[in-house]
Amino acid sequence: MDRNQLQRQVALMRSSLIEQGYLDEQQFLQLEELQDDANPNFVEEIVTLFYKDSARLFHNIEQALKSRPIDFAKLDNYMHQFRGSNSSIGAMKVKLECNQFKEFCLAGNAEGCIRAFQKVKQEHETLRMQLETYFKLRRQAGLALTV
């Protein structure tokens, strides 16, 4: 595949992720604008750090959900941190599920929190797979530039 075709595929995939509601266009494009020749993988590195930090926050949330009595304020705080991380990379669907989790926390609904957390993790994983494909395509397009 030639460079132009790869670049079109990258643009189409980005547009698709935005149109499907996975990514916030403004936030994600702002991140991509920070990339330059000195740091061509900036967004991928930020997303990788996001996923590493997510594992820590998920562990904290899982532990808080298992504790009795459940400390809903602590749960809300963990989810607030996680939601902020999602906002920083423009993860829209995950952020929306975080909002649902927050509503269940405010209502003191443990079962609702557990269900909402499963949806958060599901959207989080779906986005991870989509972004892995996107970054792989970007790397291929970048390699085509040097060939």
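Residues numbered from 1 in each chain as written. Predicted model: local features only at pLDDT ≥ 70, side-chain atom pairs only at ≥ 80, totals over all residues. Heavy atoms only, no water.

Student: Could you give an account of the overall build of the protein, with specific residues and numbers?
Tutor: Secondary structure summary: the protein contains six helices and zero strands in total. If you line up the protein on its principal axes, its C-alpha atoms span 60 × 25 × 20 Å. By residue count, 37% of the 147 residues in the protein fall in the buried class. Considering only intrachain contacts with a sequence separation of at least 6, the fraction spanning at least 24 residues in the protein is 69%. As displayed, the protein offers around 8500 Å² of accessible surface, 51% of which is attributable to carbon and sulfur atoms. Side-chain charges of the protein comprise 19 positive and 20 negative groups, with the mean position of each set lying 5 Å from the other. (Helix = DSSP H or I, 4+ residues; strand = E, 2+ residues; numbered from the N terminus. Buried < 20%, exposed > 50% of the residue type's maximum accessible area, 1.4 Å probe, protein only. Contact = heavy atoms within 4.5 Å. Areas by Shrake-Rupley, 256 points an atom, 1.4 Å probe, with all protein chains shown as cover. Lys, Arg positive; Asp, Glu negative; His and termini not counted. Charge placed at Lys NZ, Arg CZ, Asp CG, Glu CD.)

Student: Quick rundown of the environment of Tyr-78? Include the residues and the values.
Tutor: Structurally, Tyr-78 is set in helix 4 (residues 72-89). On a C-alpha basis, the gap between Tyr-78 and Asn-60 in space is 7.2 Å, while along the polypeptide they are 18 residues apart. Tyr-78 has contacts with Leu-57, Asn-60, Ile-61 and Ala-64, leaving out every residue within four places of it along the chain.

Student: An account of the confidence of the model for the protein is requested, with residue identities and associated values reported.
Tutor: Looking at the protein as a whole, the pLDDT averages 92, with 96% of positions reaching at least 70. Averaged over each element, pLDDT in the protein is lowest for helix 6 (residues 110-146) (90) and highest for helix 5 (residues 92-107) (96). (pLDDT = per-residue confidence, 0-100.)

Student: Tell me about the pattern of salt bridges, and name the residues and values.
Tutor: One pass over the structure, following the stated rule, counts eight salt bridges. Put simply, Glu-62 and Lys-121 hold a salt bridge, and the shortest N to O gap is 3.1 Å. Here Glu-62, found in helix 3 (residues 42-66), pairs with Lys-121, found in helix 6; they are 59 residues apart in sequence, far enough to count as distant. Overall, Glu-62 belongs to the partly exposed group, its relative accessible area being 29%. The network of salt bridges with common partners includes Arg-14, Glu-32 and Arg-138. (Salt bridge = Lys/Arg side-chain N within 4 Å of Asp/Glu carboxyl O.)

Student: Kindly report on the UniProt feature "modified residue: Phosphohistidine" (unreviewed entry) in the protein, identifying the contributing residues and their values.
Tutor: UniProt records the feature "modified residue: Phosphohistidine" (unreviewed entry) at His-80, using the numbering of this structure. On the secondary structure map, His-80 appears in helix 4. (UniProt positions renumbered as here; feature names shortened; annotations may be inferred.)

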